[in-house]
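Fold and contact review
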Amino acid sequence: MIDFDSKARLWDGNPVFQDRADKIAAAIQAAIPLNTNMRALDYGCGTGMLSFPLKDALGHITLKDSSAGMLEVLREKITALGVSNMTARQADLTDAPLPEERYDLIFSSMVLHHIPDTADILATFHALLNPGGWLCVADLDQEDGSFHGIEVDVHHGFTRETLRQQAEAAGYGDVRFDTVFEIVKEQETGTRAYPVFLMVARKH
Ligand SMILES: C[S@@+](CC[C@H](N)C(=O)[O-])C[C@H]1O[C@@H](n2cnc3c(N)ncnc32)[C@H](O)[C@@H]1O
């Protein structure tokens, strides 16, 4: 289990995280006809890096995360920038009844590998979407565990075909994938690149 509270204050100081969020935001904007009537959920939002570049294209964004530390930084940014259409909420959808609100778009970056039951969270997102709503999930392609270190208990990325099958089983259509970023890490064995995909799917 990673302690995201302790990482929150340093999160925005990492230029790779900002670059990643900007590339994912651009890919979402290229894939989906966003408009200012849409209500969106950023799940596992962290400090909101992915939502800030999308906020002017959407009506409202609810940002949920289980980490109080991440949300504290996020709320400070919302206040400092005078943003009126972003609301931060502490939540863990894996451990709570389905909330009543519904969304036209759900996006999530680098969160899926932290959630043990992938099929279950895909079904929860599906239940939270309005008909015609969109799901955008960015995460790692399958890797050997070296991204976090083999001792960290997370998914070692995902194979796109397995994730496609899980999304289709949860009721999504039009499932597609693009490579949107590469995280480059220095390791004992040399430099290693970890591709990040964006899965876009639609609830019919
Ligand atoms: C790798 S960070 C990504 C943060 C942000 N999406 C970004 O791209 O900068 C993963 C985030 O997911 C959150 N998270 C992990 N498991 C969660 C869960 N079950 N429910 C809600 N948030 C969760 C963590 O607190 C953390 O902020």
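These numbers were taken from a predicted model, which means no experiment stands behind them.

What counts and what doesn't
- Residues numbered from 1 in each chain as written.
- Predicted model: local features only at pLDDT ≥ 70, side-chain atom pairs only at ≥ 80, totals over all residues.
- Helix = DSSP H or I, 4+ residues; strand = E, 2+ residues; numbered from the N terminus.
- Rg over C-alpha atoms; globule rule 2.2 N^0.38 Å.
- Buried ≥ 20, exposed ≤ 12 C-beta atoms within 10 Å, placed from the backbone.
- Expected span 1.5 Å × (residues − 1).
- Arc of directions from axis to C-beta.
- Pairing = 2+ DSSP bridges.
- Right-handed = clockwise from strand over helix to strand, strands pointing away.
- Contact = placed C-beta atoms within 7 Å.

Overview of the overall build of the protein
- When helices and strands are tallied, the protein shows five helices and seven strands.
- Along the protein, helices (α) and strands (β) appear in the sequence α-α-β-β-α-β-β-α-β-α-β-β when read from the amino end.
- Its C-alpha atoms give the protein a radius of gyration of 16 Å, within 12% of the compact-globule value 17 Å for 204 residues.
- Considering only C-alpha atoms, the protein reaches an extent of 50 × 40 × 35 Å along its principal axes.
- Residues counted as buried form 37% of the 204 residues belonging to the protein.

Examining helix 2 (residues 15-31)
- Taking 1.5 Å of rise per residue, 17 residues should cover 24 Å, and helix 2 covers 24 Å from first to last C-alpha, within 8% of that figure.
- Where helix 2 is concerned, the buried positions are Arg20, Ala21, Ile24, Ala25, Ala27 and Ile28. For helix 2, the angular spread of buried residues about the axis comes to 160°, placing them on one side. Turned more than 90 degrees from where helix 2 packs its buried face, Pro15 and Ala30 sit exposed.

Quick word on the pairing of strand 4 (residues 103-109)
- Summarising burial for strand 4: seven of the seven residues are buried, a large majority.
- Sheet analysis places strand 1 (residues 39-43) next to strand 4, joined by three bridges and oriented parallel. Within strand 4, the position partnered with Leu41 by the bridge is Ile106.
- Sheet analysis places strand 4 next to strand 5 (residues 129-140), joined by six bridges and oriented parallel. Bridged to Phe107 within strand 5 is Cys136.
- Taking the sense of rotation as the criterion, the β-α-β connection linking strand 4, helix 4 (residues 118-128) and strand 5 turns out right-handed.

Regarding unusual backbone geometry
- Even without being a glycine, Met110 presents a positive backbone phi close to 60°.
- Met110 sits in the buried class, given 21 other C-beta atoms within 10 Å.
- Located in the positive-phi region is Asp174, a residue other than glycine, with phi close to 50°.
- C-beta crowding within 10 Å serves as the criterion here: with 11 such atoms nearby, Asp174 is assigned to the exposed category.

So, the environment of Ala8
- Along the polypeptide, Ala8 turns up in helix 1 (residues 4-11).
- With 20 C-beta atoms packed within 10 Å, Ala8 lands in the buried category.
- The spacing of Ala8 and Thr47 is 39 residues in sequence and 7.2 Å in space, taken between C-alpha atoms.
- Residues contacting Ala8, with those up to four places away along its chain left out, are Thr47, Ser67, Gly69, Met70, Glu72 and Val73.

Purely geometric stuff here, so don't read any function into it on its own.
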